[in-house]
Amino acid sequence: MLIGREHEQQAIDRLVSGARIGASGVLAVTGEAGVGKTALLRWTEGRLEGFRVLRATGTEPEREVPFAGLLAVLRPTLGLLETIAPPQARALAAALAMDEGPAGDRFAIGAATLSLLCRYAEEAPVAVLLDDVHLLDRPSAGALVFAARRLSSDPVAMFVVGRAGEADDLVEGLDGLVLSGLDRGAARSLVDRLAPAPVTDAWLARVHELTGGNPLAIAELAEDPDALLASGSDVPPPLSSALAATFTRRVRLLDPAARPVLLVAVVCNGDLRLTGAVCASLALDVARLADAQHAGLADVVGGEVTFRHPLLRAALYRDSAPEERMAVHAAVARALPGDDVDRRAWHLSESLWAPDAGVAEMLDGAGERAAARSAYAVASTAYERAARLSPGLDDLAVRLVAAADNAWAAGLGPRALALLDELAATTLAPELATGALELRAAIAVRSGSVREAAALLERAAAETGSADARAVLLAEALHAILFLADGAAAGRLVDELTRAVAAATSTRARAIGTVAAGMAKVLAGRGGIDDLRAAVPLLAGSEELRADARGVSWLMYAPLFIRDAQTGRELRARVDEARARAGVGMLPGLLFLVARDGAASDSWARAAADYTEAIRLARDTGQTAELAMSLAGLSWLESRTGQEAACRMHAAEALALCGSRDIHWGEAWALFSLGDLELALGNPAAALVHLRELDGLLGRLCVGDPDLSPRAELVDVLLRLGQVDEATRTAAAYAEAADAKGQPWARARARRCLGLVATSDFDAPFLEALALHEETPDRFETARTALAYGARLRRAGRRVDAREHLRLALDVFAALGAEVWADQAATELDLTGERVPRRAVGGVASLTPQELQVAVLLADGRTTREAAAALFLSPKTVEYHLRKVYTKLDIRSREELAAVIRR
Ligand SMILES: Nc1ncnc2c1ncn2[C@@H]1O[C@H](COP(=O)(O)OP(=O)(O)O)[C@@H](O)[C@H]1O
Ligand SMILES: [Mg+2]
């Protein structure tokens, strides 16, 4: 019977009844050991009538078994594996060792878990009960929590229970409930039930104070009320160690012949058959488990030994002599079935006093097998243990680097760095040293200092003996420098990159090196377009590159920097490939680039949807650089569609992230969007502050690329503020930089500025600008020029000429959804005497980003299931959003939807 906990019970009942009618709910319950988490979970089970219950409980020994927890949860659902999206099914099958297939992205397993749970829930509501998640193997916990974060419109209730302090990072972002001790009244009920004789109020008050209401501690004291009086101390020891001490005391009271049997059961993780076999081999009598049962320490049910509490297992294990523990581990290793190599390796490793090449080798194999199933966290621990058991220093170093590598693949950056730090004083073989530097750099790019990453990569490039490796390392350094938007650093790298490419022999190294050289030159304002063009056939021709994740992202940069009509299609094809392979971890980077392409041409709705998805996935996968860039990109888009509040919010988050990591590229975009937003809203003074800040930043960074420059907007703002001289100077300087680069996009913008500041013949520069815009896909810029030109014509009294341009501007702005700008064009048209009917805002602009994502994918002809798989959501969630889309757009069919989105 559960005592107290009324508030918690209500929360659980709400969640359960919601799930019953298809509103998924997740509750993360955390609290200290013994506070009553498992008891609450048992009570919950009683409320789940009509549900199918899936469950897993983490235990210390299973922690290093790849996907042991996930398999326990999903076993009843596996018959449905073939009904989920094939790439997800393959990733899951490989993870659960049902299939030989190659390891997928670790997030693909989470996506597959979600799909399978929701598929299972189509037949009846499903409850997932996870106890002691801090002891689940990490890959399983990761996959289950990924699924939990994305549950929304399915009949699924999920309870994630774990120890406070140890499970907190896992359950971050989930609805949480922190379980604290029982109140005094509940404590009294508990004691009355358990104490052999009535206890006084004074006793109870003292116990409640000492235990903070922890029921396990109360129960221990209630069974032996006099023990408290004996202890006497006023300063309570930390609760868990006090509880452990109680358990130790109780274990020591067991018959000496029963204690080792219980230890065997602990080491065998409660597996009764294994316990029996091990006891036999150690000449112990397994029947002595009955003693533990009588003492209320353990229970034997259904071939399994269950312990009163996990703290008891820990206490018993820790209280045993090391040689005794080691003997038991050795016996378990011998008794395990022949094919259970990984478990044997772990037990053997616990049975050794000194390094042992054979066991180290076995653990190395366990690491390799875990990595092959994408259980990178498990692999990392196995490699680390293998390293510590390696007699030779060379093996030790190789295995520590492998442990660090896998920790990083599992998303455990600090652990990876700590492992690498251990090697700091060791002289490594050249290839291993390069590998270690690359890993450090990868961690720094993603979650540390980007500047440090660039320096590390340059160092690795200088130290490596391989010409191909040098070209690739320098390219990676340039990639970091791109995030830093450091034109000076890029300029320094140009010659080195050129030399490295000349010396490189593999197509991969030459292709990547050439793109990077082109990008470096662009950033430094020293040409570069020719290199980028030369790199395209190299990149496209390499099968090897198409298959490799880093290669793909390089492939994406060239068209984005060149910017021609093919760009969008090429990029989108890559995203579809990544989605088809369920490469969740790759998607934030890819989606960011596609979104950028859409935002810089005429696919704004799609771009907003892509940015939003990139942001969501980057948050889920902990990729802060990608997160910052997509936030900045989205705010940039919102500054143009006039979504003021969203723009400010996203820009602020981007600026905070970028500021902490030196990501000046994103900082530049965010400043630009704030400036352009103010300009659009008619606040030139506020716009001036942001644009000047941006201009100053780019100057300090020696960014020579006129495409990043806000000078065109600055000229507009200065004129509105009446600062004609400065506007004229700025326009001239900008035109010079744009002509030096020689690409039409910036040249067109520069001509627009010259038209704006021209004192007499302004037609020539504006007409030139419009002609140049024709060569670029950026319709918004065309419309800005048309608006500026039209407004000047109107002010010059040439109303008929003005109308032609203002109408063009209005049409383009309206089609793009640039509402504020459309209003400005309409106002100008009004002033020429042409009446413009004001359009009602609504339509696509009224959709939330997630609704937009769903709408875009379905409008492309995907089925609900396909869209769900592409977005890593459940089909029910997709349908839920689709219903909202239909209502908001007042449409009834996919055909109508496709028509609206195309418009
Ligand atoms: N609300 C409660 N009412 C009655 N007994 C409880 C309550 N909460 C916990 N207990 C008892 O206290 C002990 C420890 O609780 P448990 O749920 O195992 O703790 P946790 O899982 O948080 O470590 C168990 O014996 C349990 O039955
Ligand atoms: Mg528990």
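Quick caveat, the model's predicted, so the values are computed rather than measured. (Residues numbered from 1 in each chain as written. Chains lettered and ligands numbered in written order. Predicted model: local features only at pLDDT ≥ 70, side-chain atom pairs only at ≥ 80, totals over all residues. Heavy atoms only, no water.)

Draft legend 1. How the structure looks around the overall build of the protein chain. For the protein chain, the count of helices and strands is 48 helices and 7 strands. Against the globule reference of 29 Å for 903 residues, the protein chain gives a C-alpha radius of gyration of 32 Å, in line with a compact fold. For the protein chain, the C-alpha atoms occupy an extent of roughly 105 × 60 × 55 Å along the three principal directions. Counting only residues that meet the buried cut, the protein chain has 58% of its 903 residues in that class. Counting only contacts in the protein chain whose residues sit at least 6 apart along the sequence, the fraction spanning at least 24 positions is 67%. (Helix = DSSP H or I, 4+ residues; strand = E, 2+ residues; numbered from the N terminus. Rg over C-alpha atoms; globule rule 2.2 N^0.38 Å. Buried < 20%, exposed > 50% of the residue type's maximum accessible area, 1.4 Å probe, protein only. Contact = heavy atoms within 4.5 Å.)

Draft legend 2. Looking closely at the nonpolar core. Grouped together as the largest cluster of nonpolar side chains are 162 residues, with contacts concentrated most on Trp665, Phe813 and Leu897. Not counting residues within four places of it along the chain, the set of residues in contact with tryptophan 665 comprises Leu482, Phe483, Leu484, Ala485, Tyr557, Phe592, Met629 and Leu708. With 74 residues, the next largest nonpolar core counts Val126, Leu136, Val145 and Leu432 among its residues. (Core = buried A, V, L, I, M, F, W, Y, C linked by side-chain atoms within 4.5 Å.)

Draft legend 3. Region of the structure containing the site of ligand 1. By nearness alone, 18 residues border ligand 1, and Gly34, Lys37, Thr38, Ala39 and His309 come closest of all. Interatomic distance of 3.3 Å between a backbone N/O atom of valine 35 and an oxygen atom of ligand 1. Within the backbone of glycine 36, an N or O atom sits 2.9 Å from an oxygen atom of ligand 1. The set of elements that each furnish at least two residues to the shell around ligand 1 consists of helix 2 (37–45), helix 8 (184–194) and helix 10 (215–222). With 3 residues, the top contributor of residues to the shell around ligand 1 is helix 2. When its residues are assigned to classes, the shell around ligand 1 shows 10 nonpolar, 4 polar and 4 charged. (Near = heavy atom within 4 Å. Polar contact = N/O pair within 3.5 Å; in protein donor to acceptor, adjacent residues only side chain to side chain. Nonpolar A, V, L, I, M, F, W, Y, C, P; charged D, E, K, R; others polar.)

Draft legend 4. Expanded view of the packing of helix 36 (residues 664–680) against helix 38 (residues 711–720). Packing of helix 36 against helix 38 brings their axes to within 11 Å, and their N-to-C directions diverge by 40°. At the point where helix 36 passes helix 38, the crossing takes the left-handed sense. Contacts between helix 36 and helix 38 involve Phe672, Asp676 and Leu679 on the former and, on the latter, Glu713, Asp716, Val717 and Arg720. Split by residue class, the contact of helix 36 with helix 38 holds 3 nonpolar, no polar and 4 charged. (Axes fitted to C-alpha atoms, helices over the stretch in contact; angles between N-to-C directions. Left-handed = near helix turned anticlockwise from the far one by under 90°.)

Draft legend 5. Up close: unusual backbone geometry. Even without glycine at this site, arginine 5 takes up a positive phi of about 65°. By the secondary structure assignment, arginine 5 is in the segment before helix 1 (6–20). For arginine 5, a relative accessible area of 9% translates into the label buried. With a phi close to 55°, cysteine 702 is a non-glycine residue in the positive phi region. Locating cysteine 702 in the fold gives a position in the loop between helix 37 (684–700) and helix 38.

Draft legend 6. Quick look at empty space enclosed by the protein. Applying the stated criterion across every chain, the model contains 3 cavities of 30 Å³ or more. Lining the largest cavity are 27 residues, and of these Arg596, Trp669, Asp705, Asp707 and Leu708 lie nearest its centre. Looking at the lining of the largest cavity, the elements with two or more residues in it are helix 27 (507–524), helix 30 (549–562), helix 32 (587–599), helix 34 (624–641), helix 36 and helix 40 (744–757). Looking at the lining of the largest cavity, its residues break down into 16 nonpolar, 1 polar and 10 charged. (1 Å grid on protein atoms, 1.4 Å probe; cavity = no way out; pocket = protein on both sides within 12 Å on 5 of 7 lines; lining within 4 Å. Points joined across faces, edges and corners; volume = space filled by probe spheres on them.)

Draft legend 7. Structural view of the packing of helix 45 (residues 849–859) against helix 46 (residues 864–871). At a minimum axis distance of 9 Å, the contact between helix 45 and helix 46 shows a crossing angle of 130°. Between helix 45 and helix 46, the interaxial angle falls into the category oblique. Along this stretch, helix 45 crosses helix 46, giving a crossing that reads as right-handed. Of the residues in helix 46, those in contact with Gln853, Val854, Leu857 and Leu858 of helix 45 are Thr864, Ala867, Ala870 and Leu871. Along the lines of polarity and charge, the residues of the contact of helix 45 with helix 46 split into 6 nonpolar, 2 polar and no charged. (Parallel < 35°, antiparallel > 145°, perpendicular 65-115°, else oblique.)

Draft legend 8. Layout of the confidence of the model for the protein chain. In this model, the protein chain carries an average pLDDT of 90, and 95% of its residues clear a pLDDT of 70 or more. Mean pLDDT across the elements of the protein chain ranges from a minimum in helix 11 (residues 225–231), with 61, to a maximum in strand 3 (residues 126–131), with 98. (pLDDT = per-residue confidence, 0-100.)

Draft legend 9. Local environment of the environment of aspartate 695. Relative to the elements of secondary structure, aspartate 695 occurs in helix 37. On a C-alpha basis, the gap between aspartate 695 and arginine 711 in space is 7.5 Å, while along the polypeptide they are 16 residues apart. Dropping the residues within four chain positions of it, aspartate 695 is found in contact with Ser709, Pro710, Arg711 and Leu714. One polar contact links aspartate 695 to arginine 711, side chain to side chain, over a distance of 3.1 Å.

Draft legend 10. Broad picture of the sheet that holds strand 1 (residues 25–31). The 5 strands lie next to each other as 2-3-4-1-5, forming an open sheet whose pairing is parallel. The open sheet terminates on both sides in strands that have one partner only, identified here as strand 2 (52–57) and strand 5 (176–178). Neighbour to neighbour, the strand axes of the sheet diverge by 15° on average, direction disregarded. The pairing of strand 1 with strand 5 spans 3 bridges and is classified as parallel. (Pairing = 2+ DSSP bridges.)

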